[in-house]
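Residue-level structure breakdown
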2 protein chains.
Amino acid sequence: MKKILVLGAGLSTHVLIKYLLDNSEENDWFVTVGDLSLEIAKKSINNHNRGEAIKFDIFDENQAEKLIKETDMVVSMLPARFHHIPAEFCIKFGKNLVTASYVSEQLQALDAQAKEKGLIFLNEVGLDPGIDHMSTMKVLKKLKAQGATVTGFRSFTGGLVAPKYDNNPWHYKFTWNPRNVVMAGQGTAQFIVNGKYKYIPYHKLFERVDRINVLNYGEFEGYANRDSLKYRSAYGLDNVQTMIRGTLRRTGYAKTWNIFVQLGMTDDTYFVENSEKMTYREFINSYLKYDPVKSVENKLAEYLNIPPDSYCIYRLRWLGIFDDRPIGLKKATPAQILQQLLEEKWVFEKEDRDMIVMQHVFEYTTKENKKKKMTSSFVIEGEEDTSAMAITVGTPAAIAVKLIMQGKIKVTGVKIPTLPEIYEPILDELETIGVRFIEEESDN
Amino acid sequence: MKKILVLGAGLSTHVLIKYLLDNSEENDWFVTVGDLSLEIAKKSINNHNRGEAIKFDIFDENQAEKLIKETDMVVSMLPARFHHIPAEFCIKFGKNLVTASYVSEQLQALDAQAKEKGLIFLNEVGLDPGIDHMSTMKVLKKLKAQGATVTGFRSFTGGLVAPKYDNNPWHYKFTWNPRNVVMAGQGTAQFIVNGKYKYIPYHKLFERVDRINVLNYGEFEGYANRDSLKYRSAYGLDNVQTMIRGTLRRTGYAKTWNIFVQLGMTDDTYFVENSEKMTYREFINSYLKYDPVKSVENKLAEYLNIPPDSYCIYRLRWLGIFDDRPIGLKKATPAQILQQLLEEKWVFEKEDRDMIVMQHVFEYTTKENKKKKMTSSFVIEGEEDTSAMAITVGTPAAIAVKLIMQGKIKVTGVKIPTLPEIYEPILDELETIGVRFIEEESDN
């Protein structure tokens, strides 16, 4: 019997653990799940006879060492900053490792040692990063086989609420980490268009969105991520003329969110004076000029040159940002106050279902020198009790674990799933659970 | 003979050193000036028989210790981050200290020890900080004596080019540290208006300027500093309803500078790709959308909604930001590229003279319950070979040294010049060299 050790049982990990347990009989596996909360670990095992739950604390290095020594492979679903701890023990005891996180510098530094020991440390094998890499590489391989030259690549992903449950004027609910949503886009977005580097500072980001239609799901808008160029080499697109990666929202979101950005209400670097005794109306007013007569609403509309009867202002009213209701947060930053209000209003209810939307657009020149465009799109909605996010993050990682355990992935070192031997079997199996990319070709 | 040790002989220090030497005979002083450059130190002494120049390195703590042990008082004109080193030795050997810099936490921490030893460590006794504190306190004392209650305080200072030498469309030249000008205002400006805290993020700062007329020098515009509330307690204005401190420029500057801010060209946090081989035109174009037809100028005007024939665009053209001229800077941030261009164009020529402009506006209620306003304004132009900046930074510090040496300042501890026993004699003497505040009263 081979042993798999899963560290961390939070969020999307239950899908991963269920997959491993469902496959444990056939493959003769035993799955140990360690979490700071024994209860959460137990829940994820659900009394399966090939599973065991333990209390696990990453700060207890002796425990980590002992567990990793005795297992056959490690899956780290810990917060990304902790992966290097199991990774070091994996080197020491010669165990393979899978994570769904971005490769940190600390992890990348273990590449040579992993290779020397014949190990694979496979990372970024969730949704984004994960399915985005794999689905992109699949299309790129196909186009290359046809003799095409890819000149442009645009890729957008969004975690949203499924249409049936999309019932607020923002067309957005928190299906994932609220803080990341409030802080999204801070810094400078960098990408290239027609061979030229382009930079968008944060305060202009939400004004420069692209309109994007995905399958029969209607219109979305996409804003650029900070790091559009990060995977240029990994994708083999060093000479691509246009490359942009971004985040999807429903149309109209960015224009309204931009009001918070313009006012300065997403700032997380200082505390709002007396936030505990302030109301939301006073909070927004502290970003507007003093005026003895004009209302907060009218001052806002004038300041940002927005019609007072616009849908943007309606969205803000719906949120309650103009309400004289106490904030009640001690020593809070603007971003924290805003997040509290949004968490009240953008609630993802128990009966709600989420949706993942991903679209890649490849511009290319055929070997007959024709300019073409290929769109590869994918939408998946959540199921009862299991979010689309959990499915799409947990399943690829679980399949990767299976393939490694079965010896079907031969490559070694610190990797992301950009090689056919990794992404092809994972994508094939993902198709069976509904992760199906629809390709559409057209002249460009 | 009493000994004064001046550490650092850069920038505005020559005015301070000349003052001390000019007064050395009468007071029986000997002045030692230490600088990393012996040449600069020698130049500042100018062969005076009561002065000596030495090579001084702040990283050689033995040298600092020996020098401070043997002197009677220390003036630190070193970069502010080094003041704590002489300060510690001043505590050890019981010497007074003067600096023109903001009080750091490290320095403030020596307050109790300084008091215990009967020493004064007097800081912020230059122009801004310095003359601003002193001139404010003088008016506040007078109003208090009249039984008035101060309800509002606005204070603006600018280092500009004198009108006769003001011959470029920006009405600005670098009379001081160029980097500080490029980075000015980054962060969030905080102040209070009618009892309410107000916040302005950087990307809105240059759109929210106040128009200010100063004496017969015409119109200026002021934008808020980050730290308007810093001196509320120090000035005894804890209950003031309005308080704002800011920086002055000539009218129109902020509107054009805001173009750089909006585009993102003042960012200092990332390197512009391939900056070495780029032209200025390509640099500004990297902040604008790709377009196969439109000119950079037209794209800019459209993006920021500025008439293409406006004076703003003329100012940019005059700078040469649209020129296809190579930047030639390796691995440069946007702010560094912009600074290089500005340093070429905003040159303060040898024959040019600078100008310091300061204005405080006090709103107050008289004891007869009348609402009044007092404006206290001051302008000084530079002299041949001596800038107004050097005069106004160096002279107050020099006078402070004299008063301390003469035993006329009795207070002890880490101080800034907000006490009458400090600011009154300094302001009196400053009047004799032309630092004269003009007060104007009116109904409010």
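My aim in this report is to walk through the structure given alongside it, one point at a time. Keep in mind it's a predicted model, so treat the numbers as computed, not measured.

What counts, and where the lines are drawn
For every chain, the first residue of its written sequence is number 1, and the numbers climb from 1 along that sequence. Working convention: letters from A go to chains and numbers from 1 go to ligands, in the order in which they are written. Owing to the predicted nature of the model, reporting of local features is limited to residues with pLDDT of at least 70; listing and counting of side-chain atom pairs is limited to 80 or more, with chain, interface and lining totals taken over all residues. As a rule here, side-chain values cover all heavy atoms of the structure and leave hydrogens and water aside. Numbering of helices and strands runs from the N terminus, with a helix taken as a DSSP run of H or I at least four residues long and a strand as a DSSP run of E at least two residues long. Only protein chains enter the accessibility calculation, which uses a 1.4 Å probe; a residue whose area is less than 20% of its type maximum is buried, one above 50% is exposed, and one in between is partly exposed. The contact criterion used is simple: two residues touch if any of their non-hydrogen atoms lie within 4.5 Å. In this description, accessible areas are obtained by the Shrake-Rupley approach with a 1.4 Å probe, and a residue is regarded as covered only by the protein chains that are shown. In this charge count, Lys and Arg are treated as positive and Asp and Glu as negative; neither His nor the chain ends contribute. One atom stands in for each charge, and that atom is NZ of Lys, CZ of Arg, CG of Asp or CD of Glu. By salt bridge we mean one thing: a side-chain nitrogen of Lys or Arg within 4 Å of a carboxyl oxygen of Asp or Glu. Residues below a pLDDT of 70 in either copy are left out; the C-alpha atoms of the rest, at least 70 in both, set the least-squares superposition of the copies. Two N or O atoms form a polar contact when they lie within 3.5 Å of each other; inside protein one atom must be a possible hydrogen donor and the other a possible acceptor, and for residues adjacent in sequence the pair counts only when both atoms belong to side chains. Only C-alpha atoms enter the line fits that serve as axes; for helices the fit covers just the stretch in contact. Angles between N-to-C directions range over 0 to 180 degrees. Roughly parallel covers angles under 35 degrees, roughly antiparallel covers those over 145, roughly perpendicular covers 65 to 115, and oblique covers all other angles. Each crossing gets its hand from how the near helix is turned against the far one by less than a right angle, where anticlockwise is left-handed and clockwise is right-handed. Accessible area, probed at 1.4 Å, shrinks when two parts are joined; the buried area is that loss added up over both. Three classes are used: nonpolar for Ala, Val, Leu, Ile, Met, Phe, Trp, Tyr, Cys and Pro, charged for Asp, Glu, Lys and Arg, and polar for all others, with Gly counted as polar. Paired rings are identified among Phe, Tyr and Trp, the last through its six-membered ring, by centres lying within 6.5 Å, and are further divided according to the angle between planes into stacked (under 30 degrees), edge-to-face (over 60) and tilted (the rest). Whether a charge sits over a ring depends on NZ of Lys or CZ of Arg being within 6 Å of the ring centre and within 35 degrees of the ring normal. We treat two strands as partners when DSSP finds at least two bridges between them. Expected span of a helix, by definition, is 1.5 Å for each gap between consecutive residues, and there is one gap fewer than residues. Taken from the helix axis, the directions to the C-beta atoms give the arc we talk about.

On to the overall build of chain A. Regarding its fold elements, chain A presents 17 helices and 16 strands. Seen through its C-alpha atoms, chain A measures out along the principal axes to roughly 75 × 60 × 40 Å. Counting across all 444 residues of chain A, residues that qualify as buried make up 58%. Here the analysis covers contacts within chain A between residues at least 6 apart in sequence; of these, 70% occur between residues at least 24 apart. Carbon and sulfur atoms provide 47% of the accessible area of chain A, an area that totals close to 19200 Å². On chain A, the mean spot of the 57 positive side-chain charges and the mean spot of the 59 negative ones are 4 Å from each other.

To continue, consider the pattern of salt bridges. Inspection of the entire model under this criterion finds 40 salt bridges over all chains. Linking Lys-204 of chain A and Glu-207 of chain A is a salt bridge whose minimum nitrogen-to-oxygen distance equals 3.0 Å. Overall, Glu-207 of chain A belongs to the partly exposed group, its relative accessible area being 38%. When the shortest N-O distance is used, the salt bridge between Lys-92 of chain B and Glu-65 of chain B registers 2.6 Å.

Mapping chain B onto chain A leaves a residual RMSD of 0.0 Å; the transformation is a rotation of 180 degrees accompanied by 0.0 Å of translation along its axis. Interpreted geometrically, this transformation is the action of a two-fold axis. Closest approach to the rotation axis within chain B is made by the C-alpha atom of His-203 of chain B, at a distance of 3.4 Å. Interface residue correspondence from chain B to chain A reaches 100%, placing this contact among same-surface, isologous pairings.

Attention shifts here to the side chain of Asp-354 of chain A. Residue and element names in this part refer to chain A. Position of Asp-354 relative to the elements: it lies in strand β13 (residues 354-365). Buried and unpaired, Asp-354 has no salt bridge, with Arg-353 as the nearest side chain of opposite charge at 8.0 Å. A polar atom in the side chain of Asp-354 sits 2.6 Å from the backbone nitrogen of Ala-388.

Residues and elements named next belong to chain A. The geometry of helix α16 (residues 388-405) relative to helix α17 (residues 420-431) is characterised by a closest axis approach of 10 Å and an angle of 125 degrees between their N-to-C directions. Comparing the axis directions of α16 and α17 gives the class oblique. Our pair here, α16 against α17, has a crossing hand that is right-handed. Facing Thr-395, Pro-396, Ile-399, Ala-400, Lys-402 and Leu-403 of α16, the residues of α17 in contact are Ile-422, Pro-425, Ile-426, Glu-429 and Leu-430.

Before going further, it helps to examine helix α5 (residues 84-93) of chain B. If you check which residues of α5 of chain B are buried, you get Ile-85, Pro-86, Ala-87, Phe-89, Cys-90 and Ile-91 of chain B. The first or second residue beyond α5 of chain B is Gly-94 of chain B, which carries a positive phi of 70 degrees.

Right, let's talk about the interface of chain B and chain A for a bit. When the parts come together, some accessible area is lost, and that loss is often what is quoted as the size of the interface. Each side of the interface is counted separately: chain B has 31 residues, and chain A has 31 residues. Roughly 2800 Å² is buried in total at the junction of chain B and chain A, and carbon and sulfur atoms are behind 52% of that figure. Contact with chain A buries surface across chain B, with Tyr-199, Arg-208 and Tyr-290 of chain B losing the most and accounting together for 22% of the total. Viewed at the interface, chain A and chain B are joined by two salt bridges. Measuring nitrogen to oxygen at the nearest pair gives 4.0 Å for the salt bridge that ties Glu-282 of chain A to Lys-196 of chain B. Linking chain B to chain A there are 22 residue pairs in polar contact (both at pLDDT 80 or more). Elements that contribute at least two residues to the side of chain B that touches chain A include exactly β8 (188-193), β9 (196-201), α10 (202-205), α11 (253-263), α12 (280-285) and α13 (296-303) of chain B. In terms of residue count, β9 of chain B provides more of the side of chain B that touches chain A than any other element does, five residues in total. Taken together, the residues that form the side of chain B that touches chain A break down as 14 nonpolar, eight polar and nine charged.

Turning to the environment of Ala-254 of chain A, a few remarks are in order. All names here are of chain A. One can find Ala-254 in helix α11 (residues 253-263). Looking at Ala-254, the relative accessible area reads 2%, which means it is buried. Here the alpha-carbon distance between Ala-254 and Thr-99, two residues 155 residues apart in the chain, equals 32 Å. If we skip the residues at most four places from it in the chain, Ala-254 touches Phe-206, Val-209 and Glu-221.

Throughout the structure, instances matching the rule amount to 44 aromatic pairs over all chains. Consider the rings of Trp-170 of chain B and Phe-260 of chain B, whose centres lie 6.1 Å apart with planes at 5 degrees: the pair is stacked. With Trp-170 of chain B in the loop between β7 (149-161) and α9 (178-183) and Phe-260 of chain B in helix α11, this pair connects stretches of sequence that are 90 residues apart. A relative accessible area of 0% places Phe-260 of chain B in the buried class. With centroids separated by 6.2 Å and ring planes inclined at 80 degrees, the aromatic side chains of Tyr-202 of chain B and Phe-206 of chain B adopt a geometry described as edge-to-face. Following the ring pairs from residue to residue traces out a cluster consisting of Trp-170, Tyr-172, Phe-174, Tyr-253, Trp-257, Phe-260 and Trp-346 of chain A. Across the ring face of Tyr-303 of chain B, the terminal group of Lys-204 of chain A is positioned such that the distance to the ring centre comes to 4.9 Å.

What follows covers the pairing of strand β5 (residues 96-99) of chain A. Residues and elements named next belong to chain A. Covered by surrounding structure in β5 are Asn-96 and Val-98 together with Leu-97 and Thr-99, the residues of both alternating faces. In the sheet, strand β4 (residues 73-76) pairs with β5 via four bridges, with the strands oriented parallel. From the neighbouring strand, Ser-76 faces β5, where its bridge partner is Thr-99. The sheet contact formed by β5 and strand β6 (residues 120-122) spans two bridges and is parallel. What sits directly across from Val-98, in β6, is Leu-122.

With that settled, consider the sheet that holds strand β3 (residues 51-55) of chain B. Residues and elements named next belong to chain B. If you walk across this open sheet you meet the seven strands as β3-β2-β1-β4-β5-β6-β15, and the pairing is parallel. Edge positions in the sheet fall to β3 and β15 (413-415), since each of these pairs with one other strand and no more. Taking the axes of each pair of neighbouring strands and ignoring which way they run, one obtains an average angle of 15 degrees across the sheet.

All names here are of chain B. End to end, helix α17 (residues 420-431) covers 16 Å across twelve residues, agreeing with the expected 16 Å (1.5 Å per residue, within 8%). Residues of α17 that are buried include every one of Ile-422, Tyr-423, Ile-426, Leu-427 and Leu-430, and no others. The buried residues of α17 occupy one face: seen down the axis, they fall within an arc of 100 degrees. In the core, the buried residues of α17 are packed alongside β6 (120-122), α8 (131-145) and α16 (388-405).

Let us now look at the sheet that holds strand β3 (residues 51-55) of chain A. Sheet strands line up and pair through hydrogen bonds in the backbone, either parallel or antiparallel. Residues and elements named next belong to chain A. Within the open sheet, the seven strands sit side by side as β3-β2-β1-β4-β5-β6-β15. Their pairing is parallel. Two strands close off the open sheet at either side, each with one partner strand: β3 and β15 (413-415). Averaged over all adjacent pairs, the angle separating strand axes in this sheet is 15 degrees, with direction ignored. Packed onto the sheet, helix α1 (residues 13-22) meets β1 (2-7), β2 (29-35), β3 and β4 and runs at close to 175 degrees relative to β1.

Geometry only, nothing functional implied.
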